[in-house]
Amino acid sequence: MASEQLSLSELIDRQIRETGPMSIATFMGLALTHPREGYYTGADPLGAKGDFVTAPEISQMFGELIGFFVVNLWQQLGEPRSFTLLEPGPGRGTLMQDALRVAARAEGFLDACHLQLFETNPALKAQQAERLGQYKPYWADEIDAVADDPLIVVANEFFDALPIRQFVKAPDGWHERQVGLRDGKRTFGLSPTPIPGEAMPEAVRNADDGAIYEVNLAAADALQRLGKRIAAQRGAILAIDYGYADTQTGETLQAVRRHGFADALEAPGEADLSAHVDFGALARVAGDLGLRAEPLATQRDFLSRMGIVERASALARANPGQIETIAAALRRLTDSSEMGTLFKVFCASAGDLEPIGFA
Ligand SMILES: C[S@@+](CC[C@H](N)C(=O)[O-])C[C@H]1O[C@@H](n2cnc3c(N)ncnc32)[C@H](O)[C@@H]1O
């Protein structure tokens, strides 16, 4: 059968039968970004009717506060007449729309700003074009294909969507966790070849047998490419995502479908696959490039320092009929039982910048 006629599940199973079990990164890459049937190449997965809701879709306050953050950085850079504002994985364009509506009030900002987006999903690209068309965005095929001027990057829930690999500790070393077939059904298994502990980061080397270590090489690569540009051209990257501050063991790979958890292997292309971000690893990448990483902040602390409570009060005063909705959005974004502490804010910058919102 020609491969164009196979479904993504059939394609994956055929590849496993022909070449053996595949890494979780290969499976995740195909499930999320296969050109025809990948999760992030198909329909819009965001919002109440989709599989999950992200912070910018909860309230305009999120993007607006990021708009203030970006303007402040631009001012600290000396208000360059030309700079790139890049958003990888912009979703529906909501965050950037809210951010630029606020940033537009800073004189000279919009004239200086070259908006660049990096996106795989054609349906989302169309929505970005509709929402952000007035700012004349440019979509590059490579994440680091930017001009030579200062660079400010904003990424919300982008790094968690990049493919991870998993390794399981055993007495003879670490074995990669793979996706194989048993009785015709996709299942997890272990590579027979052990990898010596010395190949693993120091923080996990002495883990107990059975421990799982996840590594996101695609995230490290993306940050390295962007970080090189930031180190050479000045600027900063702000990344918000669920994750942890220090490299550690533990399994976080998850599948979400229609607002509920699902089996990660069952329906590739139909569920969102993601993993928590190892911000410790990203801080090491940034440090190696000579960037300064701020102490990782919780979303709650970052948004509070950026003035979300005051913003919510002002919005409520201007829209008395919306008081309940605004209060609910504030809770969702900042409460520790909701997104407040699960989500973290990472920032790395170059030059003598002092990004606001951090301790
Ligand atoms: C979880 S959504 C977050 C969207 C948006 N930032 C928000 O907060 O609503 C992930 C975004 O990254 C995009 N994306 C996922 N994998 C990508 C990849 N490998 N290259 C470029 N974009 C990707 C998705 O299409 C989507 O726009």
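This text follows the structure it describes.
Quick notes on the rules
Residues numbered from 1 in each chain as written. Predicted model: local features only at pLDDT ≥ 70, side-chain atom pairs only at ≥ 80, totals over all residues. Heavy atoms only, no water. Salt bridge = Lys/Arg side-chain N within 4 Å of Asp/Glu carboxyl O. Helix = DSSP H or I, 4+ residues; strand = E, 2+ residues; numbered from the N terminus. Buried < 20%, exposed > 50% of the residue type's maximum accessible area, 1.4 Å probe, protein only. Axes fitted to C-alpha atoms, helices over the stretch in contact; angles between N-to-C directions. Parallel < 35°, antiparallel > 145°, perpendicular 65-115°, else oblique. Left-handed = near helix turned anticlockwise from the far one by under 90°. Contact = heavy atoms within 4.5 Å. Nonpolar A, V, L, I, M, F, W, Y, C, P; charged D, E, K, R; others polar. Near = heavy atom within 4 Å. Polar contact = N/O pair within 3.5 Å; in protein donor to acceptor, adjacent residues only side chain to side chain. Areas by Shrake-Rupley, 256 points an atom, 1.4 Å probe, with all protein chains shown as cover.

**Topic: the pattern of salt bridges**
- Applying the stated criterion across every chain, the model contains 15 salt bridges.
- We note a salt bridge from Arg225 to Glu142, for which the minimum N-O separation is 2.9 Å. Of the two residues, Arg225 sits in helix H9 (residues 217-233) while Glu142 sits in the loop between strand E4 (138-139) and strand E5 (151-156), which places them 83 residues apart along the sequence.
- Judged by its relative accessible area of 28%, Arg225 falls in the partly exposed class.

**Details of the packing of helix H1 (residues 8-19) against helix H2 (residues 24-33)**
- Axis separation between H1 and H2 bottoms out at 11 Å; the angle between their running directions is 155°. Considering the angle they form, H1 stands roughly antiparallel to H2. Considering only the axes of H1 and H2, their crossing is right-handed. Residues Leu8, Ile12 and Gln15 of H1 pack against Thr26, Phe27, Leu30 and Ala31 of H2.
- Looking at the contact of H1 with H2, its residues break down into five nonpolar, two polar and no charged.

**As for the site of the ligand**
- In the region of the ligand, 18 residues are neighbours, and Thr54, Gly89, Gly91, Glu119 and Asn156 sit closest.
- Residue Glu119 places a side-chain N or O atom 2.4 Å away from an oxygen atom belonging to the ligand.
- Between an oxygen atom of the ligand and a side-chain N or O atom of Asn156, the distance comes to 2.7 Å.
- About the coverage of the ligand: the protein hides 94% of its 590 Å² of free accessible area.

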